[in-house]
Amino acid sequence: MPASDWIALAVVVAVMLGIDLYRHREAHAPTQRALIESLVWVMTGVAFGVFLFLVHGGQVFGEYISGYLIEKSLSVDNVFVWSLLFTTMSIPIRSINIGSCSGASSAH
């Protein structure tokens, strides 16, 4: 991929991260809003896969969607583990939000 594609991707990811952090500066979102936002992010990932298919072909799309599905399944597993830990340790929701945002932002 050309360098311009990588730069565009980095800008899009930075904007999406900014939007997500801005929208989640409060302690807790209602379940319905969280489900809708999750659906929007999944649809964004699938739309990017369609873009890759249209621009780069089936092999790149297959590689992307395989990685996407693996990462999505691992992230759901992580959420389950976090839920168990936070519940077991009786961590307040406000602290969970701050820790999750700072942890996700600094992940390598």
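Refer to the preceding data block for the structure.
Everything quoted here is computed from the prediction, not taken from an experiment. Per-chain numbering applies: the sequence of each chain, read as written, is numbered from 1 onward. Predicted model: local features are reported for residues with pLDDT of at least 70 only, side-chain atom pairs are reported and counted for 80 or more only, and whole-chain, interface and lining totals are derived from all residues. For side-chain calculations, the full set of non-hydrogen atoms in the structure is used, while hydrogens and water are omitted.

Moving on to the packing of aromatic side chains. Each Phe, Tyr or Trp ring (for Trp, its six-membered ring) is paired with any other whose centre lies within 6.5 Å, and the angle between the two planes then decides the class: stacked below 30 degrees, edge-to-face above 60, tilted in between. What the rule picks out here adds up to 4 aromatic pairs. Through a chain of ring-to-ring contacts, the aromatic side chains of Phe48, Phe51, Tyr64 and Tyr68 assemble into a single cluster.

The subject of this paragraph is the packing of helix H2 (residues 31-56) against helix H3 (residues 58-88). Comment: axis = line fitted to C-alpha atoms, over the contacting stretch for helices; angle = value between 0 and 180 degrees taken between N-to-C directions. Strands here mean DSSP runs of E at least two residues long; helices mean DSSP runs of H or I at least four residues long; both are numbered from the N terminus. Between H2 and H3, the shortest axis-to-axis distance is 7 Å and the interhelical angle comes to 160°. Judged by the inter-axis angle, H2 sits roughly antiparallel to H3. Handedness of the H2/H3 crossing: right-handed. Where H2 abuts H3, its residues Trp41, Val42, Gly45, Phe48, Gly49, Val50, Leu52, Phe53 and His56 lie against Gly58, Val60, Phe61, Tyr64, Tyr68 and Lys72. Each residue gets one of three labels, nonpolar for Ala, Val, Leu, Ile, Met, Phe, Trp, Tyr, Cys and Pro, charged for Asp, Glu, Lys and Arg, and polar for the others, Gly among them. For the contact of H2 with H3, a count of residues per class yields 10 nonpolar, 4 polar and 1 charged. By definition in this entry, angles of less than 35 degrees are roughly parallel, angles greater than 145 are roughly antiparallel, angles of 65 to 115 are roughly perpendicular, and the rest are oblique. Rotating anticlockwise by less than a right angle from the far helix to the near helix defines a left-handed crossing, while the corresponding clockwise rotation defines a right-handed one. Contacts between residues were defined by any pair of non-hydrogen atoms, one from each residue, lying within 4.5 Å.

Mapped onto the elements, alanine 34 comes out in helix H2. Here the alpha-carbon distance between alanine 34 and histidine 24, two residues 10 residues apart in the chain, equals 10.0 Å.

Okay, H2 next. Residue count minus one, scaled by 1.5 Å, sets the expected span of a helix. Between its first and last C-alpha, H2 extends 37 Å over 26 residues, near the 38 Å set by a 1.5 Å rise per residue. Classification of residues uses two cut-offs on accessible area relative to the type maximum, computed with a 1.4 Å probe and protein chains only: under 20% is buried, over 50% is exposed, and between them is partly exposed. The set of residues buried in H2 consists of Glu37, Gly45, Gly49 and Leu52. On the buried face of H2, the contacting elements are helix H1 (3-23) and H3. In the stretch just after H2, glycine 57 is the one whose phi turns positive, near 100°.

This next bit is on the pattern of salt bridges. Side chains bearing opposite charge may pair, as long as their charged atoms lie close to each other. Any carboxyl oxygen of Asp or Glu within 4 Å of a side-chain nitrogen of Lys or Arg constitutes a salt bridge here. Using the criterion set out here, one finds 1 salt bridge in the structure. Between arginine 33 and glutamate 37 there is a salt bridge; the shortest N-O distance is 3.0 Å. Taken as a pair, arginine 33 and glutamate 37 lie in helix H2 at a separation of 4 residues, close to a single helical turn. Under the relative-accessibility criterion, glutamate 37 is labelled buried at 11%.

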